[in-house]
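Each chain is listed here by its residues.
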Amino acid sequence: MSNMIEVFDFDNLTRMERKTKESVSIYVGVGLYAVVAYLIQHCFFSIMGENLTTRVRRMMFSAILRNEVGWFDEEESTKWLGLCYSKEPLGDTRCIVRANPL
């Protein structure tokens, strides 16, 4: 950043333009790198979130299947059971909160 301020003190116009173009290309390069890095980061976080959601759903389903058959007849057991099969993210959140009360 201080190199850009230093450009104003140059007497030679071509040197000033060259130094300015050099600084601008550095800033544009860093900006493009940041955009690409953020896009890659977004893609990997979405893949990680999908894998985590799948893992939680499988763990919940295996926990449900380990219960006795009579457990499914109880009123408090079947209230939240329908939410676990919802494919919406909000349904998964409600299922986790209601299945594991504090």
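This section reports on the structure supplied with the text. (Residues numbered from 1 in each chain as written. Predicted model: local features only at pLDDT ≥ 70, side-chain atom pairs only at ≥ 80, totals over all residues. Heavy atoms only, no water.)

What about the overall build of the protein?
Stated precisely, the cut-off is as follows: Helical segments are the DSSP runs of H or I of at least four residues, strand segments are the runs of E of at least two, and each set is numbered from the N terminus. Burial classification: accessible surface area is computed with a 1.4 Å probe over protein chains only, and a residue below 20% of its type maximum counts as buried, one above 50% as exposed, and the rest as partly exposed. Contacts between residues were defined by any pair of non-hydrogen atoms, one from each residue, lying within 4.5 Å. Using a 1.4 Å probe, the Shrake-Rupley method yields the accessible areas, and only the shown protein chains count as cover for residues.
On a plain count of helices and strands, the protein comes out with 5 helices and 0 strands. When its helices and strands are written in sequence order, the protein yields α-α-α-α-α. For the protein, the proportion of its 102 residues judged to be buried stands at 15%. The long-range share in the protein, meaning contacts at least 24 apart out of those at least 6 apart in sequence, stands at 27%. Surface summary for the protein: the accessible area is close to 8,800 Å², and the carbon and sulfur share equals 63%.

Quick look at the pattern of salt bridges
Selection criterion: Each salt bridge in this description consists of a side-chain nitrogen of Lys or Arg and a carboxyl oxygen of Asp or Glu lying within 4 Å of one another.
Taken as a whole and assessed by the stated rule, the structure comprises 1 salt bridge. The salt bridge involving K19 is made with E22; its shortest N-O contact spans 3.9 Å. You can see K19 and its partner E22 sitting in helix α2 (residues 13–65), 3 residues apart, about one turn around the helix. What makes K19 partly exposed here is its relative accessible area of 22%.

A closer look at a nonpolar patch on the surface
Condition: Nonpolar side chains (Val, Leu, Ile, Met, Phe, Trp, Tyr) within 5 Å and like charges within 9 Å form the patches, drawn only from residues with over 30% relative accessible area and no salt bridge.
Taken together, the side chains of V36, I40, F44 and I47 make up a nonpolar region of the molecular surface, amounting to roughly 380 Å² of accessible area. Looking at the element boundaries, V36 is found in helix α2.

Points about the environment of T54
So the rule is basically this: Between N or O atoms, a polar contact is any pair within 3.5 Å; within protein, one atom must be a potential hydrogen donor and the other a potential acceptor, and residues adjacent in sequence are included only when both atoms are from side chains.
Among the secondary structure elements, T54 is positioned in helix α2. Polar side-chain contacts of T54 include one of 2.9 Å to the backbone oxygen of E50.

Focus: a negative patch on the surface
As a reminder, the rule being used: Charge assignment in this entry is limited to Lys and Arg as positive and Asp and Glu as negative, and neither His nor the chain termini are counted. Positions of charges follow a simple convention, taking NZ of Lys, CZ of Arg, CG of Asp or CD of Glu.
A cluster of acidic residues, D73, E74, E75 and E76, forms a negative patch on the protein surface. Structurally, the position occupied by E76 is in helix α3 (residues 75–78).

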